[in-house]
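Below, each chain spelled out in residue letters.
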Number of protein chains: 2
Amino acid sequence: MTAMTRARPLVIDSHRDANVCLTCGARALSVCHVIDESDLDKLSAASVTVSVLPGHTFIQEGDPAEHFFNVTAGTSKLYKLLPDGRRQVTGFAGVGYFLGLAVSSSYAFSAEALEPVRVCRFSRTKLRGLLDDFPALEKKLLEVASNELVVAQEQMLLLGRKTARERLASFLIARANMIPHCPGRGAANVAERIQLPMTRGDIADYLGLTIETVSRTLSKLRAEKFIEIPNNSEIVLLKHDAVEDIATGMA
Amino acid sequence: MTAMTRARPLVIDSHRDANVCLTCGARALSVCHVIDESDLDKLSAASVTVSVLPGHTFIQEGDPAEHFFNVTAGTSKLYKLLPDGRRQVTGFAGVGYFLGLAVSSSYAFSAEALEPVRVCRFSRTKLRGLLDDFPALEKKLLEVASNELVVAQEQMLLLGRKTARERLASFLIARANMIPHCPGRGAANVAERIQLPMTRGDIADYLGLTIETVSRTLSKLRAEKFIEIPNNSEIVLLKHDAVEDIATGMA
DNA sequence: AGGGCTCATTGACCCAGGTCAAGGTCCGCA
DNA sequence: TGCGGACCTTGACCTGGGTCAATGAGCCCT
């Protein structure tokens, strides 16, 4: 169980330190931070660390929902499919994201790693136990779910009523706002470098557009000097406020 | 404080029985049903009943979120607006619906009564107290929020990837499935009478379409004998399964 | 360093659904 | 019982974004 792990989609790290949670860089960003340091051993005991290679699906829509996940590294795309293959990306799960909130018996979406991803995996019963031991965790999950709901409603507005240009602008602004507090933001026209771990196709499926429209619209925004596109996985936001106005339909 | 209430948008019933919750017909459908009968007096003490006339807005997007609501009668539409007036209806809140899950400081959406509506209104602090007294209520809210999230993701798929025909079919099936267990459903081609308390405009804003497209698409479904339209606020589903196939993109 | 991937861009054309406009239906009220 | 207004339907036309197709740009791998 030591060699031959390279090509496997999911790698479970069973020899892990009891202090993983204590030294976990994602704790500050996760629901876990409501649990006291002294209790972190219980948390680590309840979960295993799983590594997922890019392109691999670790949650499959419709499968029995046996596990919950907390992302500690990398970004994944969450999506739903129609029988004929049409895809809707419902979100991108980065570090700190809690996955599996759907309390139903089967997963409502699939999750695929865009980068090398690490997650803490909890079984349904283990999580139930943690929730009973730490009521604060349950409160935190309710808060997280509520915020997700607000984000989802915002996305419905985007998908139902915004133009392609407004959708791309909204996407860029949302990505820019998730940058972990870079100095000099909010100060009008400071350039921001946005990381895009997903492909144009993923962006299209997230915004309810086609690859071509995403590409064309970004080219247009570049021609208008709102953005720069140094490479396929980065965009520089040259005029945050102007793009924000586009995003909210005010331009 | 007894006369002159007729034309007021919101009417607060302050003289209410301590047993309102005990006799509340909506309890079985609400989060409240997790609270034991013997504790219902605490619940009624924490809330007031508010009546809302059709067409009146009782939650305004952006206003400080001071209250939470539990719907005990009537249907409301929940929506978000763009500055230029484009509207996205994010859902319809019927009896038993818990409103205000967004734990942020201001409401993320507006709510307007479509019919005469009654809600139980809790202040933020009173609800906090109830959650501390009844942990089961917190668990229930997490469950409700999680289910909402699943519904929201389904709606994103609809808005991002479905055709007008598929959207209307999905809407009709969702409405049909919420009928409180009428006998003989699921048995293939049994006609179901769907109530539509909202206008074509509301449906359009919910499905990300225009009034005209909603009207045209329903006319087409009628011409194809999938549905009947006895009047503007009712639709009879003649072929549930066929319409379900349209809804899921399989026809 | 070049062949063969996958991903992105760009152009030409098309069509589902939006827009504009003209009635139709229903209902409450005098 | 007929007037006014809100809502719905239908038709003719238009357009934003989809479709199809060709080309370009990275980037492994050998």
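Scroll up a little and you will see the structure.
Visitor: Before we move on, can you summarise the protein's contact with DNA strand D with the specific residues and values?
Guide: Surrounding DNA strand D, one finds 18 residues, the nearest of these being Ala164(A), Thr213(A), Arg216(A), Ser215(B) and Ser219(B). Of what DNA strand D places within 4 Å of the protein, 64% of the atoms are sugar or phosphate. Interatomic distance of 3.0 Å between a backbone N/O atom of Arg200(B) and a phosphate oxygen of DNA strand D. Note that a base nitrogen of DNA strand D is positioned 2.9 Å from one of the side-chain N or O atoms of Arg216(B). Elements represented by at least two residues in the surface near DNA strand D include exactly α6 (211-223) of chain A together with α5 (200-207) and α6 (211-223) of chain B. Considering each element in turn, the surface near DNA strand D owes the most residues, six residues, to α6(B). Broken down by class, the residue content of the surface near DNA strand D amounts to three nonpolar, nine polar and six charged.

Visitor: Describe in detail unusual backbone geometry, supporting the description with residues and values.
Guide: Residues and elements named next belong to chain A. Positive phi is not limited to glycine here, since Lys225 has a value of about 65°. You can see Lys225 is positioned in the loop between α6 and β11 (227-231). Here Lys225 falls in the exposed class, since its relative accessible area comes to 55%.

Visitor: Residue-level account of the relation of the copies chain A and chain B, with values.
Guide: Superposition record for chain A on chain B: RMSD 0.0 Å, screw rotation 180°, translation along axis 0.0 Å. Read as a symmetry element, the transformation amounts to a two-fold axis. When the interface residues of chain A are mapped onto chain B, 100% of them again fall at the interface, so both copies present the same face.

Visitor: Let's hear about the pattern of salt bridges: which residues, and what values?
Guide: Should the charged atoms of two oppositely charged side chains come close, the side chains can pair. Per the counting criterion, the structure on display carries 30 salt bridges over all chains. A salt bridge links Glu166(B) to Arg86(A); the nearest nitrogen and oxygen atoms lie 2.7 Å apart. Taken together, the residues Glu166(B) in helix α4 (residues 164-177) and Arg86(A) in the loop between β5 (76-81) and β6 (87-93) connect one chain to another. Here Glu166(B) matches Arg86(A) in class, with each residue buried.

Visitor: Lay out the sheet that holds strand β8 (residues 110-113) of chain A with the relevant residues and their values.
Guide: As summarised here, the arrangement of the four strands in space is β3-β8-β5-β6 (chain A), forming an open sheet in which the pairing is antiparallel. A single partner strand is all that each edge strand has here, and the edge strands are β3 (57-59) and β6 of chain A. Within the sheet, the average angular offset between the axes of one strand and its neighbour, ignoring direction, is 35°. One ladder, built from two bridges, connects β3(A) with β8(A); its direction is antiparallel. For Ile59(A), the partnering residue across the bridge sits in β8(A) and is Ala111(A). Strands β5 and β6 of chain A of the sheet are contacted by helix α3 (residues 135-161) of chain B, whose axis makes an angle of about 130° with β6(A).

Visitor: A description of the protein's contact with DNA strand C should follow, citing residues and the corresponding values.
Guide: Contacts to DNA strand C come from 18 residues, most closely from Ser215(A), Ser219(A), Ala164(B), Thr213(B) and Arg216(B). What you see for DNA strand C is that sugar and phosphate hold 64% of its atoms within 4 Å of the protein. One of the side-chain N or O atoms of Ser219(A) is found 2.5 Å from a phosphate oxygen in DNA strand C. Glu212(B) is positioned such that a nitrogen or oxygen atom in its side chain is 3.1 Å from a base nitrogen of DNA strand C. The leading source of residues in the surface near DNA strand C is α6(A), at six residues. Residue composition of the surface near DNA strand C, grouped by class: three nonpolar, nine polar and six charged.

Visitor: I'd like a description of the side chain of Gln153(B), backed by residues and values.
Guide: Mapped onto the secondary structure, Gln153(B) falls in helix α3. For Gln153(B), a relative accessible area of 11% translates into the label buried. Sequence-distant contacts of Gln153(B), defined by excluding residues within four places in its chain, comprise Lys80(A), Thr90(A), Ala108(A) and Phe109(A).

Visitor: Outline the pairing of strand β12 (residues 234-237) of chain A, listing residues and values.
Guide: Residue and element names in this part refer to chain A. Burial along β12 is two-sided: the face carrying Glu234 and Val236 and the face carrying Ile235 and Leu237 are both buried. As judged from the four bridges shared by strand β10 (residues 192-195) and β12, these two strands associate in the antiparallel manner. What sits directly across from Ile194, in β12, is Ile235. Here β11 hands over to β12 after two residues, the two strands then running antiparallel side by side.

Visitor: Which residues make up the interface of chain A and chain B, and what values go with them?
Guide: With 45 residues of chain A at the contact, the number on the chain B side is 45 residues. Between chain A and chain B, a total of about 4000 Å² is buried, with carbon and sulfur atoms accounting for 66% of that surface. Among the residues of chain A in contact with chain B, Leu142(A), Met156(A) and Arg161(A) are the three that bury the most area, contributing 19% of the side total. Between chain A and chain B we count ten salt bridges in total. Glu138(B) is the partner of Lys139(A) in a salt bridge, and the nearest nitrogen-oxygen pair spans 2.8 Å. Here chain A and chain B share 20 residue pairs in polar contact (both at pLDDT 80 or more) between them. Every element with two or more residues in the side of chain A that touches chain B is listed here: β5, β6, α2 (124-133), α3 (135-161) and α5 (200-207) of chain A. No other element matches the 19 residues that α3(A) contributes to the side of chain A that touches chain B. For the side of chain A that touches chain B, the per-class residue count stands at 20 nonpolar, ten polar and 15 charged.

Definitions and limits used
Residues numbered from 1 in each chain as written. Chains lettered and ligands numbered in written order. Predicted model: local features only at pLDDT ≥ 70, side-chain atom pairs only at ≥ 80, totals over all residues. Heavy atoms only, no water. Near = heavy atom within 4 Å. Polar contact = N/O pair within 3.5 Å; in protein donor to acceptor, adjacent residues only side chain to side chain. Helix = DSSP H or I, 4+ residues; strand = E, 2+ residues; numbered from the N terminus. Nonpolar A, V, L, I, M, F, W, Y, C, P; charged D, E, K, R; others polar. Buried < 20%, exposed > 50% of the residue type's maximum accessible area, 1.4 Å probe, protein only. Least-squares fit on C-alpha atoms with pLDDT ≥ 70 in both. Contact = heavy atoms within 4.5 Å. Salt bridge = Lys/Arg side-chain N within 4 Å of Asp/Glu carboxyl O. Pairing = 2+ DSSP bridges. Axes fitted to C-alpha atoms, helices over the stretch in contact; angles between N-to-C directions. Buried area = accessible area lost by both parts, 1.4 Å probe.

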